[in-house]
Every structure is written in structure tokens, then in C-alpha cells.
Amino acid sequence: MISLDDIRAAATVIAPHVVRTPLLPFGDGWLKPENLQPIGAFKLRGALNALARLENRSNGVVAYSSGNHAQAVAFAARLHGVPAAIVMPSNTPAVKIEATKALGAEVFIVGITERVQRAEALVAERGAALIPPFDHPDVIAGQGTIGLEILEDLPEVTTVVVPMSGGGLISGVATAIKALRPDVRVIGAEPALAADIADSLRAGALVRWDPAERAKTVADALRDEPSELTWAHISKLVDDVVTVTEDEILTAVAGLARRTRLIAEPSGAVAVAAQAKIGSSVAVVSGGNIDPALLADLLA
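All values reported here derive from a predicted model rather than from experimental measurement.

Our focus in this paragraph is the overall build of the chain. In terms of helices and strands, the chain carries 13 helices and 10 strands. Scaling as 2.2 N^0.38, a compact globule of 300 residues should have a C-alpha radius of gyration of about 19 Å, and the chain matches this with 17 Å. Each of the three principal axes of the chain carries a C-alpha extent, and together these read 50 × 45 × 40 Å. By the burial criterion, 58% of the 300 residues in the chain qualify as buried. In the chain, 26 side chains carry a positive charge and 34 a negative one; their mean positions are 3 Å apart.

What follows is the structure in C-alpha cells.
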């Protein structure tokens, strides 16, 4: 498991390249708008930290992603002047695929259960380095910098709500917060249609859902499942999970746009939807790469 020192070291590495997002008042709580990052999502933090720490990146990097990690790795690779090959599932929104290509990455589209195998094959073919979306200590440490910033900006915080899927974000945030303020509650937020972590916490062990079942949620960035590494963090550090319906997620997207002028994708609004049930807290708005047509429909 990662440590507070790992997260503090990551903060130094990524500081020149990320936005130190502010806390914004929202109802009786606060928002941490990671949708304001250069690639529109928190994933940039972990990708920058992981790529910077690679001992050998001369043959480029490979990643697999449903969209936001793809853009993050492409951005970080361009920054370091190395090629990036990204494997994305066929149900990835077009807006995320095109954004990844625009950052200079080579993109491979595969079936929803084939991306890991294709990425591993590219690594073997090219001698490239793999940067996974969540199952890596350096990635988790980078995401944990969000927790440091929340505590610095709101020392009196009592509850932090974080969206969950693969679990890299909440693993890092919870590590930072519990190391410095063990009294602060860390609450995971999941779509009810992809609530495998909620099931796992109730069972006390990892419960695996069929990928086709998880793919039913509109929150396309939250269709992954935790790894053994992220589960080790989650099972130890996360206090509770709140699940939200598809209607609650989409209502949160529209509410953010109308009330705060923040554009969040459905996955990015899941913590805000959960915050509505919890009350005073900080909710992490994890991403804003929404399909324009969906946003138009929600605001019509």
C-alpha cells in the first residue's frame, strides 16, 4: 500500500503541470472540480506521476482506458516527448476517443473485455512501458494529491465523497486523508448499476460483476472493477459507500451546469449525486468530458 510520503512526493512531481483546483461552495458543502484539469479529469495527476517515474520510457508507453486515463497518458507522453499507444473499448464515447487522438496518441479500439490483453500485447511487441489506469502505486499516489489539497484548503472538513470504479482515486485520497485526519469520513460513491465495490464491502471480500452488467451505467468512466491493490486500500480506509441511480446521476450533471456553470460528465457527477444524500461534505467532481449531445439533451 502507498504512504503519505508517496503522495507528498507525487505532489512535487506533478505540481508544474496540473491545476491546483479550488474548493467551490455548493449548497451546504463543497466541490473539488477536477473537471478543470487540462485534460478534463483527475486522471492527469496519476499519469503524470507514473510516467515521470519510469526508469525507461524510450520505447514509449501503453495504456488501456475507457477515456480519461487515455487522455491523461497521451498528455503526459507528449510532455515527455515519447509515443503513446492507447487501447480503448468500443463503448468509449467518441468525444474521449477524438480527444486522445488530438493529443498525439495512437488509438486501438477493441471489445469491452479485450483491452488489457491488447495493451499487454503492445507492450511485448514494442518494449514499451505499461501505465495502468489504477492498478499501480505511482498512479494511486498521484491521485492522492487531491486529498492533500482538500485538507489544506478546508481543515475543518468532516466528510469527503469520492467516485469509485477501479479504485485508484479513492485509494489515494483516502490514504492522504486518513494519514493526516483519521476522523474525517471517506465515502465512496458508485452507480447502482455498477455497485460491485458496495457489494464487496458488505461481503468483506471482492465480489466480481459481469463486465456487461457494469457497462449498463451511463457513467462510462465508472465501469471498471477494483484490483487487489486498490481493494486493499478501499477495504481498510473507506468508511462507507453510497449508490446512486441513473436519474440521480443525470440530475446532478444538469444541476452542476445550471447552478455552478461546471460541466461534468455522468461519472464526474456521481459523487455530487451521493452528496445530495449525505449532506455537508466535499464531493470530488472527477471529470467533465461529456458527450455534447447528452449535455444538450439534459439542458434542453
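Attention now goes to the packing of helix 7 (residues 168–180) against helix 10 (residues 228–237). Here helix 7 crosses helix 10 at 45 degrees, and the two axes come no closer than 9 Å. By the angle class used here, helix 7 and helix 10 are oblique. The crossing of helix 7 and helix 10 is left-handed. Between helix 7, through Gly-168, Ile-170, Ser-171, Ala-174, Thr-175 and Lys-178, and helix 10, the contact on the second element is made entirely by Thr-230, His-233, Ile-234 and Leu-237. Broken down by class, the residue content of the contact of helix 7 with helix 10 amounts to four nonpolar, five polar and one charged.

A few words now on helix 5 (residues 115–126). A rise of 1.5 Å per residue sets the reference length of helix 5, with its 12 residues, at 16 Å; its end C-alpha atoms lie 16 Å apart and thus fit the reference within 8%. Considered for burial, the residues of helix 5 that qualify are Arg-115, Ala-119 and Leu-122. The buried side chains of helix 5 occupy one side of the element, clustering within an arc of 60 degrees when seen end-on. Turned more than 90 degrees off the buried face of helix 5, the exposed positions are Ala-124 and Glu-125. The secondary structure elements touched by the buried residues of helix 5 are strand 3 (61–64), strand 4 (84–89), strand 5 (106–110) and strand 6 (129–130). Residue Gly-127 follows helix 5 closely and has a positive phi angle near 65 degrees.

This part covers the pairing of strand 4. Here strand 4 lies mainly inside the structure; six of its six residues are buried. Burial of strand 4 is two-sided: the residues Ala-84, Ile-86 and Met-88 facing one way and the residues Ala-85, Val-87 and Pro-89 facing the other way are all buried. The pairing of strand 3 with strand 4 spans four bridges and is parallel. Bridge pairing in strand 4 links Tyr-64 to Val-87. Handedness of the crossover is the feature at issue here: the chain leaves strand 3, passes through helix 3 (residues 68–80), returns alongside strand 4, and the resulting connection is right-handed. Here strand 4 runs beside strand 5; their pairing, made up of five bridges, is parallel.

Ile-39, Leu-44, Val-61, Val-73, Ile-86 and Ile-131 are the most contacted members of the largest nonpolar core, which has 29 residues in total. Counting residues per element, the ones that place at least two in this core are helix 2 (43–52), strand 3, helix 3 and strand 4. Sequence-distant contacts of Leu-44, that is, excluding residues within four places in its chain, are made with His-17, Val-18, Gln-37, Pro-38, Ile-39, Ala-72 and Phe-75.

Helix 10 packs onto helix 8 (residues 196–203) with a crossing angle of 60 degrees between their chain directions and a minimal axis gap of 11 Å. As summarised for this structure, helix 8 and helix 10 are arranged oblique, according to the angle between their axes. In the crossing of helix 8 with helix 10, the sense of the turn from one axis to the other is right-handed. Residues Ile-197, Ser-200 and Leu-201 of helix 8 pack against Trp-231, Ile-234 and Ser-235 of helix 10.

Looking now at the packing of aromatic side chains. Taken as a whole and judged by the stated rule, the model has zero aromatic pairs. The ring of Phe-108 is capped by Arg-118, whose NZ or CZ atom sits 5.0 Å from the centre of that ring.

In space, the six strands of this open sheet follow the order 1-2-10-7-8-9, with mixed pairing throughout. The sheet is open, and its two edges are formed by strand 1 (24–26) and strand 9 (240–244), each paired on a single side. Neighbour-to-neighbour, the strand axes of this sheet turn through a mean angle of 30 degrees, independent of strand direction.

Taken as a whole, this structure holds 17 salt bridges when the rule is applied. The salt bridge partner of Asp-153 is Arg-20, with a shortest N-O separation of 2.8 Å. Of the two residues, Asp-153 is situated in helix 6 (residues 137–153) and Arg-20 in the loop between helix 1 (4–14) and strand 1; the sequence distance between them amounts to 133 residues. For Arg-20, a relative accessible area of 41% corresponds to the partly exposed category. The residue Arg-202 makes a salt bridge to Asp-199 at a minimum N-O spacing of 2.4 Å. Pair noted here: Arg-202 and Asp-199 are both in helix 8, with a separation of three residues, about one helical turn. Residue Arg-202 is classed as exposed on the basis of its relative accessible area, which comes to 63%.

So, how was this worked out
- Residues numbered from 1 in each chain as written.
- Predicted model: local features only at pLDDT ≥ 70, side-chain atom pairs only at ≥ 80, totals over all residues.
- Heavy atoms only, no water.
- Helix = DSSP H or I, 4+ residues; strand = E, 2+ residues; numbered from the N terminus.
- Rg over C-alpha atoms; globule rule 2.2 N^0.38 Å.
- Buried < 20%, exposed > 50% of the residue type's maximum accessible area, 1.4 Å probe, protein only.
- Lys, Arg positive; Asp, Glu negative; His and termini not counted.
- Charge placed at Lys NZ, Arg CZ, Asp CG, Glu CD.
- Axes fitted to C-alpha atoms, helices over the stretch in contact; angles between N-to-C directions.
- Parallel < 35°, antiparallel > 145°, perpendicular 65-115°, else oblique.
- Left-handed = near helix turned anticlockwise from the far one by under 90°.
- Contact = heavy atoms within 4.5 Å.
- Nonpolar A, V, L, I, M, F, W, Y, C, P; charged D, E, K, R; others polar.
- Expected span 1.5 Å × (residues − 1).
- Arc of directions from axis to C-beta.
- Pairing = 2+ DSSP bridges.
- Right-handed = clockwise from strand over helix to strand, strands pointing away.
- Core = buried A, V, L, I, M, F, W, Y, C linked by side-chain atoms within 4.5 Å.
- Phe/Tyr/Trp six-rings, centres within 6.5 Å; stacked < 30°, edge-to-face > 60°.
- Lys NZ or Arg CZ within 6 Å of the ring centre and 35° of its normal.
- Salt bridge = Lys/Arg side-chain N within 4 Å of Asp/Glu carboxyl O.

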